[in-house]
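# Working through the structure, step by step
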Amino acid sequence: MAEYQAYSPNVEVLGRAVLVVVYGMPAYEAAVRKFMTEEGIGGVGPDDWVLQQSWLNVLGKVTDHYGDYTLRSIGTSIPDHALFPPSVKDFRSAMEALNDAYYLNHRGGDIGHYRLDMADVDSRRAIMECRNPYPPYFDLGIISALCLKFPPSISANCKVDWEEGHLTRLDGADTCRFLITW
């Protein structure tokens, strides 16, 4: 499944998660609001639900106009604006709760998942698998922000990158796997 293509036409996204685009790009707010209006979600409020495909179309326009790293920047603001379970208190619980948070902000069919495949404190490595229609740089930003907000240890300098040897959604794969090291 390619990026920017909802898995189901009925999937919806909570407005609070949609509005993070505006929060994540204050310098481009007028342009982003224009893209949202073009996709029929210009007046969305935080408690409204919008079709995921419309939201993905906005992200595609953001990528076309401002590039992948802008999407990464937007992704870094997700943990501060989207709903997350109250149980999140540390690195492991944050990474394990990412899927729960994803489900709190999406509904209506197959939305995909986030899955912590491995977290080993001794080797200072973790693997996060992302199976969703969002752009990989967006996921990279979300995971990086969670690492900063909930570092794996007190002095951890967390790094997030694609896991070597795996195709990504950039290559047309269904998933992206991110290696988190500290």
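Computed from a prediction, not measured in an experiment: that's the story for all the values here.

### Details of the sheet that holds strand β2 (residues 49–51)
Taken in spatial order, the 3 strands of this open sheet run β2-β1-β3, and their pairing is antiparallel. Lying at the two open borders of the sheet, with one neighbouring strand each, are β2 and β3 (106–107). Bridge count for strand β1 (residues 12–14) against β2 is 3 bridges, and the pairing is antiparallel. What sits directly across from Glu12, in β2, is Leu51.

### A word on the environment of Val88
Along the chain, Val88 falls in the loop between α6 (78–81) and α7 (91–104). The exposure class of Val88 is buried, given its relative accessible area of 13%.

### With respect to the pairing of strand β5 (residues 125–131)
The buried fraction of β5 is high, at 5 of 7 residues. Note that strand β4 (residues 113–120) and β5 share 7 bridges and pair antiparallel. Counterpart to Asp120 in the pairing with β5 is Arg125. Where β4 hands over to β5, the hairpin turn is made up of 4 residues, of which Arg124 adopts a positive phi near 55 degrees. With 6 bridges connecting them, β5 and strand β7 (residues 176–181) associate as antiparallel partners. Bridging from a neighbouring strand, Ile127 pairs with Leu179 of β7.

### Digging into the packing of helix α5 (residues 68–76) against helix α8 (residues 136–149)
Helix packing geometry: the angle between the two helix axes and the distance between the axes. The N-to-C vectors of α5 and α8 enclose an angle of 35 degrees; their axes lie 7 Å apart at closest approach. The chirality of how α5 crosses α8 is right-handed. Across from Asp68, Tyr69, Leu71, Arg72, Ile74, Gly75 and Thr76 in α5, the residues of α8 making contact are Tyr137, Phe138, Leu140, Gly141, Ile142, Ser144 and Ala145. Across the contact of α5 with α8, the residue classes tally to 8 nonpolar, 4 polar and 2 charged.

### Topic: the nonpolar core
Membership of the largest hydrophobic core comes to 56 residues, with the highest contact counts inside it found for Met36, Trp55, Val62, Met95, Met128, Ile143 and Ile180. Here this core takes 7 residues from α8, the largest share from any one element. When near neighbours in sequence (up to four residues on either side) are disregarded, Met95 contacts Leu116, Met128, Ile143, Leu146, Cys147 and Ile180.

How each quantity is defined
Residues numbered from 1 in each chain as written. Predicted model: local features only at pLDDT ≥ 70, side-chain atom pairs only at ≥ 80, totals over all residues. Heavy atoms only, no water. Pairing = 2+ DSSP bridges. Helix = DSSP H or I, 4+ residues; strand = E, 2+ residues; numbered from the N terminus. Buried < 20%, exposed > 50% of the residue type's maximum accessible area, 1.4 Å probe, protein only. Axes fitted to C-alpha atoms, helices over the stretch in contact; angles between N-to-C directions. Left-handed = near helix turned anticlockwise from the far one by under 90°. Contact = heavy atoms within 4.5 Å. Nonpolar A, V, L, I, M, F, W, Y, C, P; charged D, E, K, R; others polar. Core = buried A, V, L, I, M, F, W, Y, C linked by side-chain atoms within 4.5 Å.

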